[in-house]
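Working through the structure, step by step
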Amino acid sequence: RFLPECILSKKAAVTLYIRAFITILFLILLFCGCSARQNQCLVFSGGESGKVMARLPVHPYEPITLEFINSIYRAPVRETLIFEPPENLYIVTVESPSQDVFRYYGLEPDPAGKVTLHRKVEKVRLRSSDYSNHRIKAGNLTLNLKEVVSDGESVIFDVKDCID
């Protein structure tokens with residue numbers, strides 16, 4: 001009763017607080033969501049040492065390709081993976097001109113030498129006696145594994161925060 005008219009009514013104050021809360025929540029989600037999306041990396045570490053060798057930034061649902069020559073059948077292989085948040089990798093295609101590669105994988109290719117699937121993979125572990133033909137592409141960046149891992153050594157890669 002004795003309050004000045006310039007003080008908001010209780011209903012108007014609640015409405016104002018709700019609008020402010022919604023605005024702040026929206027801004028937090030906008031800025032945190034964008035920065036989190038850009039802070040995920042494909043992290044390569046030594047299989048035995050665990051030491052981080054390299055990082056490639058990755059974005060959700062953008063293709064990550066692993067290209068190599070299969071050491072048993074001497075055939076080119078391209079595996080395409082995607083990153084689906086929160087931190088999961090899925091293999092979505094396997095391509096090769098070699099039917100033997102697909103038999104080894106237990107897959108049935110189409111006539112073009114391609115299989116489409118959606119299989120969750122945990123950490124990916126590779127070991128090769130010659131990494132000179134192993135490349136990983138994420139976005140517009142390419143990592144030649146020969147540059148970061150010695151022949152015969154294993155390398156593990158998975159998605160983690162870039163700052164880990």
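Just above, that's the structure.
All of these numbers come straight from a predicted model, not from anything done at the bench. (Residues numbered from 1 in each chain as written. Predicted model: local features only at pLDDT ≥ 70, side-chain atom pairs only at ≥ 80, totals over all residues. Heavy atoms only, no water.)

So, the overall build of the protein chain
- Within the protein chain one finds two helices and ten strands.
- Looking at the protein chain as a whole, 36% of its 164 residues qualify as buried.
- Restricting to contacts in the protein chain with at least 6 residues of sequence separation, those with at least 24 account for 49%.
- Accessible surface, the protein chain: about 10900 Å² in total, of which carbon and sulfur atoms supply 57%. (Helix = DSSP H or I, 4+ residues; strand = E, 2+ residues; numbered from the N terminus. Buried < 20%, exposed > 50% of the residue type's maximum accessible area, 1.4 Å probe, protein only. Contact = heavy atoms within 4.5 Å. Areas by Shrake-Rupley, 256 points an atom, 1.4 Å probe, with all protein chains shown as cover.)

Quick notes on the layout of surface pockets
- Taken as a whole, the largest pocket spans an internal volume of roughly 640 Å³.
- Every residue lining the largest pocket is counted, 28 residues in all, and those nearest its centre are F68, N70, Y105, L126 and H134.
- For the lining of the largest pocket, the elements supplying multiple residues, two or more each, are β3 (63–69), β4 (76–84), β5 (88–95), α2 (99–105), β6 (114–121) and β7 (124–127).
- With four residues, β7 is the single largest residue contributor to the lining of the largest pocket. (1 Å grid on protein atoms, 1.4 Å probe; cavity = no way out; pocket = protein on both sides within 12 Å on 5 of 7 lines; lining within 4 Å. Points joined across faces, edges and corners; volume = space filled by probe spheres on them.)

Quick notes on the packing of aromatic side chains
- Evaluated as defined, the whole model comprises three aromatic pairs.
- Look at F44 and F157: their rings are 5.3 Å apart centre to centre, the planes differ by 40°, and that puts the pair in the tilted class. Remark: F157 occurs in strand β10 (residues 154–161) and F44 occurs in strand β1 (residues 40–46); sequence separation between them is 113 residues. Each member of the pair, F44 as well as F157, is classed as buried.
- Here Y73 and Y104 contribute two aromatic rings whose centre-to-centre distance is 6.4 Å and whose plane-to-plane angle is 70°, an arrangement assigned as edge-to-face. A residue pair is termed long-range when its members are at least 10 positions apart, and Y73 in the loop between β3 and β4 and Y104 in helix α2 qualify at 31 residues.
- A network of ring pairs unites the aromatic residues Y73, Y104 and Y105 as a single cluster. (Phe/Tyr/Trp six-rings, centres within 6.5 Å; stacked < 30°, edge-to-face > 60°.)

A word on a nonpolar patch on the surface
- On the surface, a cluster of nonpolar side chains totalling about 320 Å² of accessible area is made up of I72, Y73 and Y104.
- Structurally, the position occupied by I72 is in the loop between β3 and β4. (Patch = residues over 30% accessible without salt bridge, like charges linked within 9 Å, V, L, I, M, F, W, Y side chains within 5 Å. Salt bridge = Lys/Arg side-chain N within 4 Å of Asp/Glu carboxyl O.)

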